[in-house]
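Coordinate analysis (summary)
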Amino acid sequence: ILTGAIVVNLLVMFAELAIGHATLDSSRTVEMILKGRNKVLFWIGVVLISNLLPLAGLVFGAGVLINFCSVVVIVGISFTEKIWVVATQRIPLT
């Protein structure tokens, strides 16, 4: 179940970031996440450590690494939530 959840999470996250955005603020937020101020936390923390590392551990390490992978995924959720909240608040209102 955890493996499937990670795959779905990656697909939904990249779909959300890849689709066209209706407003300039939305586009700026995505740009900030992918290439700007939050890029290291997103690409290293969220994508690599919190998704790809546990996914590889579950696929190649079988059930031995399930506890470790579960904890890493939970930490990744906090990284993702931080980015989603902080990035949207960094866009000026005027």
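All figures in this text were calculated on a predicted structure; none of them were measured in a lab.

Reading the values: the criteria
Residues numbered from 1 in each chain as written. Predicted model: local features only at pLDDT ≥ 70, side-chain atom pairs only at ≥ 80, totals over all residues. Heavy atoms only, no water. Helix = DSSP H or I, 4+ residues; strand = E, 2+ residues; numbered from the N terminus. Buried < 20%, exposed > 50% of the residue type's maximum accessible area, 1.4 Å probe, protein only. Contact = heavy atoms within 4.5 Å. Lys, Arg positive; Asp, Glu negative; His and termini not counted. Charge placed at Lys NZ, Arg CZ, Asp CG, Glu CD. Patch = residues over 30% accessible without salt bridge, like charges linked within 9 Å, V, L, I, M, F, W, Y side chains within 5 Å. Areas by Shrake-Rupley, 256 points an atom, 1.4 Å probe, with all protein chains shown as cover. Salt bridge = Lys/Arg side-chain N within 4 Å of Asp/Glu carboxyl O. pLDDT = per-residue confidence, 0-100. Phe/Tyr/Trp six-rings, centres within 6.5 Å; stacked < 30°, edge-to-face > 60°. Axes fitted to C-alpha atoms, helices over the stretch in contact; angles between N-to-C directions. Parallel < 35°, antiparallel > 145°, perpendicular 65-115°, else oblique. Nonpolar A, V, L, I, M, F, W, Y, C, P; charged D, E, K, R; others polar. Core = buried A, V, L, I, M, F, W, Y, C linked by side-chain atoms within 4.5 Å. Expected span 1.5 Å × (residues − 1). Arc of directions from axis to C-beta.

**Focus on the overall build of the protein**
Scanning the protein from N- to C-terminus turns up 4 helices and 0 strands. Mapped in sequence order, the helices and strands of the protein form the string α-α-α-α. Its C-alpha atoms put the protein at 50 × 20 × 15 Å along the principal axes. Looking at the protein as a whole, 30% of its 94 residues qualify as buried. Nonlocal contacts in the protein, meaning residues at least 24 apart in sequence, comprise 70% of its contacts between residues at least 6 apart. Of note, the protein has its 6 positive side-chain charges centred 11 Å away from the centre of its 4 negative side-chain charges.

**Observations regarding a nonpolar patch on the surface**
Side chains of Phe14, Val40, Trp43, Ile44, Leu48, Ile49, Leu52, Leu53, Val64, Leu65 and Phe68 sit close together on the surface and give an oily, nonpolar patch of about 990 Å² of accessible area. The greatest single-element share of the nonpolar patch, amounting to 7 residues, is contributed by helix 3 (residues 39-60). Relative to the helices and strands, phenylalanine 14 is located in helix 1 (residues 2-18). For phenylalanine 14, a relative accessible area of 30% translates into the label partly exposed.

**Considerations on the confidence of the model for the protein**
Across the protein, the average pLDDT comes to 89, with 97% of residues at 70 or higher. Confidence, read as mean pLDDT per element, is least for helix 2 (residues 24-34) in the protein (88) and greatest for helix 3 (93).

**A few points about the packing of aromatic side chains**
Evaluated as defined, the whole model comprises 3 aromatic pairs. By way of ring pairs, the aromatic residues Phe14, Phe42 and Trp43 are connected into one cluster.

**Topic: the packing of helix 2 against helix 3**
Helix-helix packing is described using two parameters, namely the angle between the two axes and the distance between the axes. Where helix 2 contacts helix 3, the axes come no closer than 5 Å and their chain directions differ by 60 degrees. One way to sum up the angle between helix 2 and helix 3 is to call them oblique. For the pair helix 2 and helix 3, the contacting residues are Met32, Ile33 and Leu34 in the first and Lys39, Phe42 and Trp43 in the second. Taken together, the residues of the contact of helix 2 with helix 3 sort by class into 5 nonpolar, no polar and 1 charged.

**Observations concerning the nonpolar core**
Counting 17 residues, the largest nonpolar core has Ile6, Met13, Leu17, Ile33 and Phe42 as its most contacted members. Of all the secondary structure elements, the ones that give two or more residues to this core are helix 1, helix 2, helix 3 and helix 4 (66-89). Here the element with the most residues in this core is helix 3; it accounts for 5 residues.

**Notes on helix 1**
Spanning 17 residues, helix 1 covers 24 Å between terminal C-alpha atoms, matching the ideal 24 Å at 1.5 Å per step. Where helix 1 is concerned, the buried positions are Ile6, Leu10, Met13 and Leu17. Viewed end-on, helix 1 has its buried residues packed into an arc of 75 degrees, placing them on one side of the element. Opposite the buried face of helix 1, by more than 90 degrees, sit the exposed residues Leu11 and Val12. Against the buried residues of helix 1 lie helix 2, helix 3 and helix 4.

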